[in-house]
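Geometric and topological summary
The primary structure of each chain is shown beneath.
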Amino acid sequence: MTASPGPARSEFTRAEMIDGLRDLVGRLRGLGQPSRIQIVGGAAIALTLNEHRSATADIDGPVSPPDVVLGIAAAIAIERNWRGDWLNDAAAQFVPTGYGRPAGWVTIYDAEGVTVQVADAETLLAMKVYAAQKRGRREFEDLETLIPAIGLTTVDDVEALYESFYPGDELTARTAAIIQAVLDQGAPKPDAPARPDLG
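So, how was this worked out
Residues numbered from 1 in each chain as written. Predicted model: local features only at pLDDT ≥ 70, side-chain atom pairs only at ≥ 80, totals over all residues. Heavy atoms only, no water. Buried < 20%, exposed > 50% of the residue type's maximum accessible area, 1.4 Å probe, protein only. Helix = DSSP H or I, 4+ residues; strand = E, 2+ residues; numbered from the N terminus. Salt bridge = Lys/Arg side-chain N within 4 Å of Asp/Glu carboxyl O. Core = buried A, V, L, I, M, F, W, Y, C linked by side-chain atoms within 4.5 Å. Contact = heavy atoms within 4.5 Å. Pairing = 2+ DSSP bridges.

**Quick look at helix α5 (residues 140–150)**
- Most of α5 is tucked away: eight of the eleven residues are buried.
- Among all positions in α5, only Phe140, Asp142, Leu143, Thr145, Leu146, Ile147, Pro148 and Ala149 are buried.
- One or two residues past the end of α5 sits Gly151, with phi positive at roughly 95 degrees.

This is the structure:
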């Protein structure tokens, strides 16, 4: 009788994310499949802005073609005993698309038809403020990274950036208080980590 591998891994360090993405990229290249993976949220912050960020539950963002990319990711999950949605596109619906300012992207890998991009710091901040409007202080750690990374110094500065991506969506009093608490910390601008090696 084969022993059970145990519960699937449900949180990932920066090193594990890079390893999983490298595997995914290699398989897409092996298929000759033109593909794009765009990463937002905590994974994007860990990959490009804060290598010491706490573990994240997934790598999230738009992918194309989704059936191919997510199918290969699911196979990797089985082989590694990772959660099946370690790579998913659930957050794609929240990415700014042009009603206001469109999302900005930084390319971290581009070879043989496979492109991996990470949302830029201003896009990530706008999306994290959007999340904080609903989830409150759960976004505090990431706001502590993003606000100093961009160099904003007042709640009004953050609100102006946010509204440039999500026009007409004003900050709630709770979100403004969270942002002020982040600013009061006076955290320095983080040192950007080395670009991930995805092959």
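There is more to say after this.
**Topic: the pattern of salt bridges**
- Using the criterion set out here, one finds twelve salt bridges in the structure.
- With its nearest N and O atoms 3.0 Å apart, the salt bridge here joins Glu139 to Lys128. With Glu139 in the loop between α4 (121–135) and α5 and Lys128 in helix α4, the pair connects residues that are eleven residues apart, well separated along the chain. In terms of burial, Glu139 and Lys128 fall into one category: buried.
- Taken together, the shared-partner salt bridges in this structure form one network comprising Asp19, Arg22, Asp23, Arg27, Glu79 and Arg80.

**Topic: the nonpolar core**
- Counting residues in each nonpolar core, the largest one holds 59 residues, and the members touching the most others are Ile37, Ile39, Trp86 and Ile147.
- In this structure, Ile37 is in contact with Leu24, Leu28, Pro62, Val63, Val69, Leu87, Thr115, Val116 and Gln117, ignoring residues within four places of it in sequence.

**Some remarks on the pairing of strand β5 (residues 105–111)**
- Pairing geometry for β5 and strand β6 (residues 114–119), over six bridges, is antiparallel. Within β6, the residue paired with Ala111 across the bridge is Val114.

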